[in-house]
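Chains, contacts and geometry: an overview
As a plain string of letters, each chain reads:
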Amino acid sequence: MNSNWFKLVMKMTKVEYGKNLLLKGGTDRLQQGRCQVEDWGENVTIKSSFLSNLVGLYSRTIIVTRAPGAEIEIGDNVGISGATIYARKKITIGDNTCIGGNCKILDNDFHPIEAEARNKLLRDENGGDSDLVPSREIKIGKSCFIGCNSIILKGTVLGDGCVVGAGAVVAGKFEDNCVIAGNPARVIKRL
Ligand SMILES: CC(C)(COP(=O)(O)OP(=O)(O)OC[C@H]1O[C@@H](n2cnc3c(N)ncnc32)[C@H](O)[C@@H]1OP(=O)(O)O)[C@@H](O)C(=O)NCCC(=O)NCCS
């Protein structure tokens, strides 16, 4: 499927995107429930085919607004490679930020941590919309560099100019210009 097809689908599903959107390979976008908002800036590049980023992508880029009111905002000049961006609340990605291959940005846990609540939702066919799923907004600043295969968890705030090391598991709040790495991710230097 070519990128014009995806742009048409995005227009039909009311995704706002700026000029020069470049889609390399089919991106999967899914909006479930009502009132989701997606706002993409100018010169956004989204890579999805295996060799579109030579780090080797394990899957296409997947962008999901899940649950009523979920929002995703992508700034100008953002590049995304084979990432999953899954919002139940809100995910913001600042201008000039690069999201490395196979990164996961998840503002929610998909399931409650309490077994009773989790089991209840498994039986409920509308369970995916439940407020019981722990969810907190993620903010990624401007000019950040997110390394490949990293996982950004709910509630994370990265200041402008942050760098996330390859394979990091990130939860928490980090000031501008921090380099963070590891699991759990910690500041390894300041720029
Ligand atoms: C985080 C990163 C930018 C740091 O690079 P750097 O500033 O040159 O840092 P160094 O290589 O000097 O490493 C500094 C320390 O951090 C550790 N470190 C570096 N990267 C790490 C990572 N991803 N995970 C865990 N520890 C890491 C090093 O082992 C070193 O530890 P030490 O001081 O105990 O010896 C780099 O290692 C990295 O992960 N780059 C991402 C590459 C990538 O994913 N590109 C995108 C592909 S799509």
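Here goes a summary of the coordinates provided. As the structure is a prediction and not an experimental result, all values here were calculated from the model.

**What about the pairing of strand β21 (residues 186–190)?**
Counting buried positions along β21 yields zero of five residues, so the element is predominantly exposed. Hairpin geometry of strand β20 (residues 178–181) and β21 is characterised by an intervening segment of four residues between the two adjacent antiparallel strands and by a positive phi of about 95° at Gly 182.

**A closer look at the sheet that holds strand β8 (residues 79–81)**
Overall, mixed pairing links the eight strands, which are arranged β2-β5-β8-β11-β14-β17-β20-β21 in an open sheet. Edge positions in the sheet fall to β2 (22–24) and β21, since each of these pairs with one other strand and no more. Where β20 lies against β21, four bridges are found, and the strand directions are antiparallel. When the sheet's bridge partners are listed, Ile 180 is paired in β21 with Val 187.

**A look at the pattern of salt bridges**
Taken as a whole and judged by the stated rule, the model has four salt bridges. The closest approach of N and O atoms between Lys 154 and Asp 109, which form a salt bridge, is 2.9 Å. Residue Lys 154 is found in the loop between β15 (151–152) and β16 (157–158), and its partner Asp 109 is found in the loop between β12 (104–106) and α2 (115–123); the two are separated by 45 residues along the sequence. Between Glu 175 and Arg 190 there is a salt bridge, with its nearest N and O atoms 3.3 Å apart. With Glu 175 in the loop between β19 (173–174) and β20 and Arg 190 in strand β21, this pair connects stretches of sequence that are 15 residues apart. Salt bridges here are not isolated pairs; linked through shared partners, they connect Glu 71, Glu 73 and Lys 90.

**What about the pairing of strand β6 (residues 62–66)?**
The element β6 is largely enclosed, with a buried count of four among its five residues. Here β6 runs beside strand β9 (residues 84–87); their pairing, made up of four bridges, is parallel. For Thr 65, the partnering residue across the bridge sits in β9 and is Ala 87.

**Section: the state of the cysteines**
Any covalent bond linking the sulfur atoms of two cysteines counts as a disulfide. With the rule as written, the count across this model stands at zero disulfides. Free of any disulfide, Cys 98 has its nearest neighbouring cysteine sulfur in Cys 144, separated by 9.4 Å. We classify Cys 98 as partly exposed; its relative accessible area is 43%.

**Some details on the site of the ligand**
In the region of the ligand, 15 residues are neighbours, and Gly 101, Cys 148, Ala 166, Ile 188 and Lys 189 sit closest. One nitrogen or oxygen atom from the main chain of Cys 148 is found 2.7 Å from an oxygen atom belonging to the ligand. In the environment of the ligand, an oxygen atom lies 2.9 Å from a nitrogen or oxygen atom belonging to the backbone of Ala 166. Here the ligand, which alone exposes 910 Å², has 44% of that area covered by the protein. The residue makeup of the shell around the ligand, split by class, is eight nonpolar, six polar and one charged.

**Notes on the nonpolar core**
Core analysis: the largest hydrophobic core is formed by 35 residues, its most contacted members being Ile 74, Ile 93, Ile 105, Ile 146, Leu 158 and Val 170. Taken together, the elements giving at least two residues each to this core come down to α1 (3–12), β7 (71–74), β9, β10 (90–93), β13 (138–140) and β20.

**What about the environment of Ala 166?**
For Ala 166, the position within the fold is in the loop between β17 (163–164) and β18 (169–170). By relative accessible area, Ala 166 is classed as exposed at 59%. Between the alpha carbons of Ala 166 and Ala 181 there is a distance of 7.2 Å; along the sequence they are 15 residues apart. Each residue touching Ala 166, except ones within four places of it in the same chain, is listed here: Gly 147 and Cys 148.

The rules behind these values
Residues numbered from 1 in each chain as written. Predicted model: local features only at pLDDT ≥ 70, side-chain atom pairs only at ≥ 80, totals over all residues. Heavy atoms only, no water. Buried < 20%, exposed > 50% of the residue type's maximum accessible area, 1.4 Å probe, protein only. Helix = DSSP H or I, 4+ residues; strand = E, 2+ residues; numbered from the N terminus. Pairing = 2+ DSSP bridges. Salt bridge = Lys/Arg side-chain N within 4 Å of Asp/Glu carboxyl O. Disulfide = S-S within 2.5 Å. Near = heavy atom within 4 Å. Polar contact = N/O pair within 3.5 Å; in protein donor to acceptor, adjacent residues only side chain to side chain. Areas by Shrake-Rupley, 256 points an atom, 1.4 Å probe, with all protein chains shown as cover. Nonpolar A, V, L, I, M, F, W, Y, C, P; charged D, E, K, R; others polar. Core = buried A, V, L, I, M, F, W, Y, C linked by side-chain atoms within 4.5 Å. Contact = heavy atoms within 4.5 Å.

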